[in-house]
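# Architecture at a glance
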Amino acid sequence: SLEKAKATRELLGQAEGIGRTWKTTVGEILSTPRAAMATADLSAPLRQGAVLGARFPKEWGKTAAQSIKYFFRPGAYEQAMYEISQRPTYSLMKSRKLAVDAVEQLTGTEEQFLGNFLESGVAKKLGFGHVVAASDRAYSGFLTKLRADVFDKVISDADIAGVKLDGKALDSLTKFINSASGR
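This structure is a prediction, so every number in the text was calculated from the model and none was measured. (Residues numbered from 1 in each chain as written. Predicted model: local features only at pLDDT ≥ 70, side-chain atom pairs only at ≥ 80, totals over all residues. Heavy atoms only, no water.)

### Digging into the pattern of salt bridges
Applying the stated rule across the entire model yields 7 salt bridges. Salt-bridge contacts for Lys94 lead to Asp101; the nearest nitrogen and oxygen are separated by 3.9 Å. Relative accessible area serves as the criterion here: at 28%, Lys94 is assigned to the partly exposed category. The salt bridge partner of Lys145 is Asp149, with a shortest N-O separation of 2.7 Å. With a gap of 4 residues between them, Lys145 and Asp149 both fall in helix α11 (residues 129-160), about one helical turn apart. Each member of the pair, Lys145 as well as Asp149, is classed as buried. (Salt bridge = Lys/Arg side-chain N within 4 Å of Asp/Glu carboxyl O. Buried < 20%, exposed > 50% of the residue type's maximum accessible area, 1.4 Å probe, protein only. Helix = DSSP H or I, 4+ residues; strand = E, 2+ residues; numbered from the N terminus.)

### A closer look at the confidence of the model for the chain
This prediction gives the chain a mean pLDDT of 79; 66% of its residues lie at or above 70. Confidence over residues 111-115 falls short of pLDDT 50; this stretch has 16 contacts with residues more than four positions distant or in other chains. (pLDDT = per-residue confidence, 0-100. Contact = heavy atoms within 4.5 Å.)

### With respect to the nonpolar core
Ranked by internal contacts, the top residues of the largest apolar core, which has 28 residues, are Leu52, Met81, Ile84, Met93, Val100, Phe151 and Ile177. At the level of secondary structure, the elements contributing two or more residues to this core comprise α6 (57-72), α7 (74-85), α8 (90-95), α9 (102-105), α11 and α12 (167-180). Among the elements that make up this core, the one with the highest residue count is α11 (8 residues). (Core = buried A, V, L, I, M, F, W, Y, C linked by side-chain atoms within 4.5 Å.)

Here it is as structure tokens:
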């Protein structure tokens with residue numbers, strides 16, 4: 001249709017305007033069906049959060065409830081990511097490679113949402129870009145906050161028990177948390 005052709009031309013024009021190649025843009029367009037299937041999917045707590053939820057039900061429950069807020073309120077998502085960045089353990093999370101990338105980017109980073117096209121201005125004009133962005137916030141926000149909360153819980157419990165976690169133990173901890181939550 002004429003509308004789709006115009007949208008495609010506009011998207012390619014936008015890509016060239018920000019220094020991206022047409023190949024990258026076409027790749028994103030081709031990944032759109034997979035990303036579209038994930039739209040409005042709030043399954044992160046059961047898909048990628050279940051393993052950590054079995055051992056850390058309190059952290060899982062609170063974070064699952066908050067992820068619904070992230071879907072509907074971008075400000076709630078931004079506040080949660082900011083709060084993680086202000087934790088005393090945040091630099092330790094980053095240095096040990098805990099997957100909390102969403103904190104600094106304030107956008108979702110989980111691979112489920114591959115199609116940047118779906119969040120583009122073109123998609124928003126077509127009426128579905130906002131839903132994709134909301135889904136991404138809920139999904140990424142849940143996983144980022146759960147990882148950070150579980151990390152802090154284990155660090156706190158070890159401290160209370162008088163256990164000193166060395167570099168190897170911290171690396172193992174972050175590897176486990178990342179793996180158990182889909183990273």
